[in-house]
Amino acid sequence: MKLIFAIVNNDDSTVASSALTDAGFAVTRLSTTGGFLMVGNTTLLIGTDDDKTQVAIDILRHHCTTRKKMNPSTASFGSGLKNHSIPEEVTVGGATVFVLSVDQTEKF
Ligand code: 2BA
């Protein structure tokens, strides 16, 4: 059993999680925030059999696209002028995926 953590852009999260559930995966959506841009993203939790892990990753790859985002000034967050104070463009996502092995899973 594996647990997939997939951090995806909010704009892709609905279509990606729908495609996963349509393919038979169980998905939990968490509202999360990126530590660098400090904007909302979505973390999908997908528990699945080892041999289906790559199928889930392929679905995520198909639906999650990269985007260019401006890194806003930290001044807008009340952090003062620091290293990130000059707006710059960063490439965000498709998806950042972590796959963890699960020792045990139970449902009651
Ligand atoms: P954020 O932390 O808001 O990062 C947004 C984008 O900013 C990143 O895109 C990357 O292009 C850039 N970035 C992040 N940290 C940076 C840094 N220290 N210096 C320069 N540029 C930086 P992605 O790599 O596609 O990441 C998208 C989101 O996925 C991240 O949002 C974060 O929520 C999550 N993430 C990515 N890598 C992670 C990791 N190793 N551990 C935990 N979360 C991660």
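Definitions and limits used
- Residues numbered from 1 in each chain as written.
- Predicted model: local features only at pLDDT ≥ 70, side-chain atom pairs only at ≥ 80, totals over all residues.
- Heavy atoms only, no water.
- 1 Å grid on protein atoms, 1.4 Å probe; cavity = no way out; pocket = protein on both sides within 12 Å on 5 of 7 lines; lining within 4 Å.
- Points joined across faces, edges and corners; volume = space filled by probe spheres on them.
- Helix = DSSP H or I, 4+ residues; strand = E, 2+ residues; numbered from the N terminus.
- Nonpolar A, V, L, I, M, F, W, Y, C, P; charged D, E, K, R; others polar.
- Pairing = 2+ DSSP bridges.
- Axes fitted to C-alpha atoms, helices over the stretch in contact; angles between N-to-C directions.
- Contact = heavy atoms within 4.5 Å.
- Near = heavy atom within 4 Å.
- Polar contact = N/O pair within 3.5 Å; in protein donor to acceptor, adjacent residues only side chain to side chain.
- Areas by Shrake-Rupley, 256 points an atom, 1.4 Å probe, with all protein chains shown as cover.
- Left-handed = near helix turned anticlockwise from the far one by under 90°.
- Buried < 20%, exposed > 50% of the residue type's maximum accessible area, 1.4 Å probe, protein only.
- Arc of directions from axis to C-beta.

**Student:** In this structure, what is going on with the layout of surface pockets? I would like to understand it.
**Tutor:** A water-sized probe rolled over the atoms picks out the places where empty space is left. Roughly 320 Å³ of internal volume is contained in the largest pocket. Lining the largest pocket we find 18 residues, and of these Ile7, Val8, Asn9, Asn41 and Val92 sit closest to its centre. Within the residue set of the lining of the largest pocket, elements represented by two or more residues are strand E1 (2-9), helix H1 (10-22), strand E3 (40-48) and strand E5 (88-93). Ranked by residues supplied to the lining of the largest pocket, first place goes to E1 with 3 residues. Among the residues making up the lining of the largest pocket, the classes are represented as 6 nonpolar, 10 polar and 2 charged.

**Student:** Hey, could you run me through the sheet that holds strand E6 (residues 95-101) in this one?
**Tutor:** Backbone hydrogen bonds hold the strands of a sheet together, and the pairing may be parallel or antiparallel. Here we have 4 strands laid out as an open sheet, ordered E2-E3-E1-E6, and antiparallel in their pairing. The sheet is open, and its two edges are formed by strand E2 (26-33) and E6, each paired on a single side. Shown here is a sheet whose adjacent strand axes are inclined to one another by a mean of 20°, direction ignored. Where E1 and E6 come together, 7 bridges link them in antiparallel fashion. Looking at the pairing, Ile4 lines up with Val99 of E6. Where H1 meets the sheet, its contacts fall on E1, E2 and E3, and the angle it forms with E3 comes to roughly 15°. On the sheet, helix H2 (residues 53-63) packs against E1, E3 and E6 and is oriented at approximately 5° with respect to E1.

**Student:** Can you walk me through the site of the ligand in this structure?
**Tutor:** Near the ligand, the surroundings consist of Ile7, Gly34, Gly35, Phe36, Leu37, Asn41, Val90, Thr91, Val92, Gly93, Thr96 and Phe98. Here an oxygen atom of the ligand sits 2.6 Å away from a polar atom, N or O, in the main chain of Thr91. Protein burial of the ligand: of its 740 Å² of free accessible surface, 52% is covered by the chains. Secondary-structure elements contributing two or more residues to the shell around the ligand are E5 and E6.

**Student:** Is there a simple way to think about the packing of H1 against H2 in this case?
**Tutor:** Two quantities define a packed helix pair, namely the angle between the axes and the distance from one axis to the other. Orientation of H1 relative to H2, taken along the N-to-C sense of each, is 145°, at an axis distance of 9 Å. Seen along the crossing, H1 lies across H2 with a hand that is right-handed. Residues Asp12, Val15, Ala16, Ala19 and Leu20 of H1 form the contact with H2, whose own contacting residues are Ala56, Ile59, Leu60 and His63. A per-class count over the contact of H1 with H2 returns 7 nonpolar, 1 polar and 1 charged.

**Student:** Before we go on, may I ask you to explain H2 in this structure?
**Tutor:** Every α-helix carries 3.6 residues per turn, so stepping three or four residues along brings you back to the same face. Residues of H2 that are buried: Thr53, Ala56, Ile57, Ile59 and Leu60. The buried residues of H2 occupy one face: seen down the axis, they fall within an arc of 160°. Turned more than 90 degrees away from the buried face of H2 sit Arg61 and His62, all of them exposed. Those residues of H2 that are buried are in contact with E1, H1, E3 and E6.

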